[in-house]
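# What the coordinates show
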Amino acid sequence: QEGVEAYLSSGDGQLFLRTNQGAPNFQLLTSLWTDARVQWTPCIPGDLSVYMEEALVLEKHIVLAERSGCLQRFRVVPRSGSEEPWLVDFDDPAYALTSGPNLAYDATVFRYGYATPRTPSTVFDVDLNTRARTKIKQTAVLGGFDADKYVVHRAFATAPDGTQVPITLCCLKGTPQDGTAPG
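Residues numbered from 1 in each chain as written. Predicted model: local features only at pLDDT ≥ 70, side-chain atom pairs only at ≥ 80, totals over all residues. Heavy atoms only, no water.

### Details of the pairing of strand S11 (residues 122-127)
Bridge count for strand S10 (residues 109-115) against S11 is 6 bridges, and the pairing is antiparallel. Pairing of Val109 across the sheet is with Asp127, part of S11. With antiparallel pairing between neighbouring strands as the criterion, S10 and S11 make up a hairpin whose turn holds 6 residues. Here S11 pairs with strand S12 (residues 133-138) via 5 bridges, running antiparallel. Along S12, the bridge assignment pairs Asp125 with Thr134. Counting the residues in the hairpin turn of S11 and S12 gives 5 residues, including Arg131, whose phi is positive at 70°. (Pairing = 2+ DSSP bridges. Helix = DSSP H or I, 4+ residues; strand = E, 2+ residues; numbered from the N terminus.)

Printed below as a string of structure tokens:
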């Protein structure tokens, strides 16, 4: 069907389908892996305010790469059904994310890349059971750069049509935010 996108994955005798059919921002459907006709049931419903970019199905968790409020995020959904989904925490209010190579189905750690205007590209592992985050690697910045001297702000400007446009600002800590800073 024209315009329909579908991405298939599997695990533990189940099929998982991330699709925009019936959900413009994507949904995750599931079905048992059988020889009979596949019958899809909703696993994670679509949300008009959240765009589901990826769904990584692991043995005990599903990690969703999403976009909400013009920001990327990772939402962890425990497959047991007895725990609440949770969002991976980040240090700054504006950032860029990438999913790492997460190839093992039985993994309990999710690897991702993180960068901000004050944080060089950094690779983290997050333990999906404890939520503990471990820095694996960070790109070195030469010349005495000290990220702790800077702060990242996220603001919005209103376009003439009323659309809220996100703005990311990075400045020295202590810089006045009232327009009086020398420019």
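### Let's talk about the sheet that holds strand S2 (residues 14-19)
Here 4 strands make up an open sheet; going across it, the order is S1-S2-S3-S4 and the pairing antiparallel. Each having just a single partner strand, strand S1 (6-11) and strand S4 (41-44) make up the two edges of the open sheet. Ignoring strand direction, the axes of neighbouring strands in this sheet form an average angle of 35°. Relative to S4, strand S3 (residues 27-32) runs antiparallel, the two being bridged by 3 bridges. Residue pairing across strands places Leu29 opposite Pro42, the latter belonging to S4. (Axes fitted to C-alpha atoms, helices over the stretch in contact; angles between N-to-C directions.)

### What about the sheet that holds strand S5 (residues 50-57)?
Read across the open sheet, the 4 strands follow the order S5-S6-S7-S8; overall the sheet is antiparallel. Edge positions in the open sheet fall to S5 and strand S8 (86-87), since each of these has one partner strand only. Pairing of strand S6 (residues 61-68) with strand S7 (residues 71-78) involves 8 bridges; the strand directions are antiparallel. Bridge pairing links Arg67 to Gln72 in S7.

### Some words on a nonpolar patch on the surface
On the surface, Leu8, Val38 and Trp40 cluster together into a nonpolar patch covering about 270 Å² of accessible area. Along the chain, Leu8 turns up in strand S1. (Patch = residues over 30% accessible without salt bridge, like charges linked within 9 Å, V, L, I, M, F, W, Y side chains within 5 Å. Areas by Shrake-Rupley, 256 points an atom, 1.4 Å probe, with all protein chains shown as cover. Salt bridge = Lys/Arg side-chain N within 4 Å of Asp/Glu carboxyl O.)

### Overview of the environment of Leu169
You can see Leu169 is positioned in strand S14 (residues 164-172). Residues Leu169 and Arg79 lie 90 residues apart in sequence; the distance between their C-alpha atoms is 38 Å.

### Digging into the packing of aromatic side chains
The full count for this structure, using the stated rule, is 13 aromatic pairs. The interplanar angle of 20° and the centroid separation of 6.2 Å between the aromatic rings of Phe110 and Tyr112 together place this pair among those described as stacked. Every member of this aromatic cluster is reached through a ring pair, and the members are Phe74, Phe90, Tyr95, Phe110, Tyr112, Tyr114 and Phe124. Cation over ring: Arg133 sits above Phe124, and NZ or CZ is 4.5 Å from the ring centre. (Phe/Tyr/Trp six-rings, centres within 6.5 Å; stacked < 30°, edge-to-face > 60°. Lys NZ or Arg CZ within 6 Å of the ring centre and 35° of its normal.)

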